[in-house]
Amino acid sequence: MKQILSINKLVKKFRDFQLGPISLELEPGTILGIVGPNGAGKTTLIKSILGMIVKDSGSISVFEDELDTKGVQIRDRIGFVNNDLVMRGSISPKLLGKMYGKFYSKWNQKLYDDYLLKFEITPTKNMNKLSQGMQMKTSLAFALSHDADLLILDEPTAGLDPIFREEIIDILLKELEDNSKSIIISSHITSDLDKCADYLLVMNHGKSLLHAPKDEIIESHRLVKADKAQLTKDNKKSFINIRENKYAFEGLTSNIEEVKSSFSKDLLIERPRVEDIMYYYCKK
């Protein structure tokens with residue numbers, strides 16, 4: 001199967017931060033969720049994929065072409081949403097589509113107009129007069145209207161209400177129905193990724209801490225809660241990380257049988273959420 005995205009040993013160095021080395025692949029018809037705390041390197045990774053920053057080493061191949069040699073053709077096939085890059089000036093959503101849609105070979109003005117109507121965006125109202133949520137909706141409408149083969153969404157549901165977030169997830173899943181496209185979502189709203197992500201990349205301090213199919217990650221980990229009195233120096237080693245209060249503790253483990261054998265009784269064992277995976281892997 002051809003890869004939508006292939007990254008091999010990507011490194012980008014700044015004065016006080018280094019991204020990578022990171023390697024990953026993205027198959028058609030799948031959604032990759034990227035999670036991690038602020039400053040983990042998520043946006044730096046996305047900007048590297050888009051060629052918005054120059055990498056120091058490694059390779060990035062999109063649609064089996066090197067980004068370094070075919071950047072213009074590649075970006076024509078990518079839809080990008082980022083809160084920092086949302087148009088906020090004295091331009092209306094309708095004019096935004098007419099002015100900037102021409103830069104995409106498959107731009108569909110009617111589809112864009114339909115999304116503006118569906119998202120209840122006033123097409124003639126200037127962007128700087130719209131709320132943050134409406135600005136983000138406009139950006140999403142634009143990204144969805146040029147038949148992109150790869151959608152890269154950096155905090156796409158920021159400022160959006162839960163009902164519309166559900167609607168966006170449904171739209172994204174529909175985009176993948178023919179198994180020819182892929183989506184990358186970086187989000188702090190991990191409940192959205194619980195619902196739609198196929199793969200999960202957990203990042204912190206520029207490093208990849210965990211990268212695997214989401215369901216595989218969830219099934220191979222368990223959240224354990226018990227009386228703090230049962231904790232010892234030795235059985236703490238069975239956990240990836242723990243948090244505790246005066247009376248109880250909670251911890252994430254990838255070896256539940258070892259935990260069961262080292263604790264005497266009254267263990268509460270639960271399947272973790274994406275938020276739990278991120279928290280315990282990134283917790284100091």
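Here the structure is shown first, and the text comes after it.
Residues numbered from 1 in each chain as written. Predicted model: local features only at pLDDT ≥ 70, side-chain atom pairs only at ≥ 80, totals over all residues. Heavy atoms only, no water.

Draft legend 1. Examining the sheet that holds strand 10 (residues 207–213) more closely. Strand order across the open sheet formed by 6 strands is 6-7-8-3-9-10, with mixed pairing between neighbours. The open sheet has two edge strands with one neighbour each: strand 6 (78–82) and strand 10. Averaged over all adjacent pairs, the angle separating strand axes in this sheet is 10 degrees, with direction ignored. The pairing of strand 7 (residues 150–154) with strand 8 (residues 182–186) spans 5 bridges and is parallel. (Pairing = 2+ DSSP bridges. Helix = DSSP H or I, 4+ residues; strand = E, 2+ residues; numbered from the N terminus. Axes fitted to C-alpha atoms, helices over the stretch in contact; angles between N-to-C directions.)

Draft legend 2. Highlighting the packing of helix 3 (residues 93–100) against helix 4 (residues 109–118). Where helix 3 contacts helix 4, the axes come no closer than 11 Å and their chain directions differ by 160 degrees. With respect to helix 4, the axis of helix 3 lies roughly antiparallel. As helix 3 packs across helix 4, the resulting crossing turns out to be right-handed. From helix 3, Pro93, Lys94, Leu96, Gly97 and Lys98 reach across to helix 4, where they touch Gln109, Tyr112, Asp113 and Leu116. Taken together, the residues of the contact of helix 3 with helix 4 sort by class into 4 nonpolar, 2 polar and 3 charged. (Parallel < 35°, antiparallel > 145°, perpendicular 65-115°, else oblique. Left-handed = near helix turned anticlockwise from the far one by under 90°. Contact = heavy atoms within 4.5 Å. Nonpolar A, V, L, I, M, F, W, Y, C, P; charged D, E, K, R; others polar.)

Draft legend 3. Structural context of the state of the cysteines. If you walk through the whole model with that rule in mind, you get 0 disulfides. Cys196 carries a free sulfur, and the closest cysteine sulfur to it, the one in Cys282, is 19 Å from it. On the basis of relative accessibility, which here comes to 5%, the residue Cys196 falls in the buried class. (Disulfide = S-S within 2.5 Å. Buried < 20%, exposed > 50% of the residue type's maximum accessible area, 1.4 Å probe, protein only.)

Draft legend 4. How the structure looks around the pairing of strand 12 (residues 241–244). Here strand 12 runs beside strand 13 (residues 248–253); their pairing, made up of 4 bridges, is antiparallel. Across the sheet, residue Asn241 finds its bridge partner in strand 13, namely Leu252. Counting the residues between successive antiparallel strands, the hairpin from strand 12 to strand 13 contains 3 residues.

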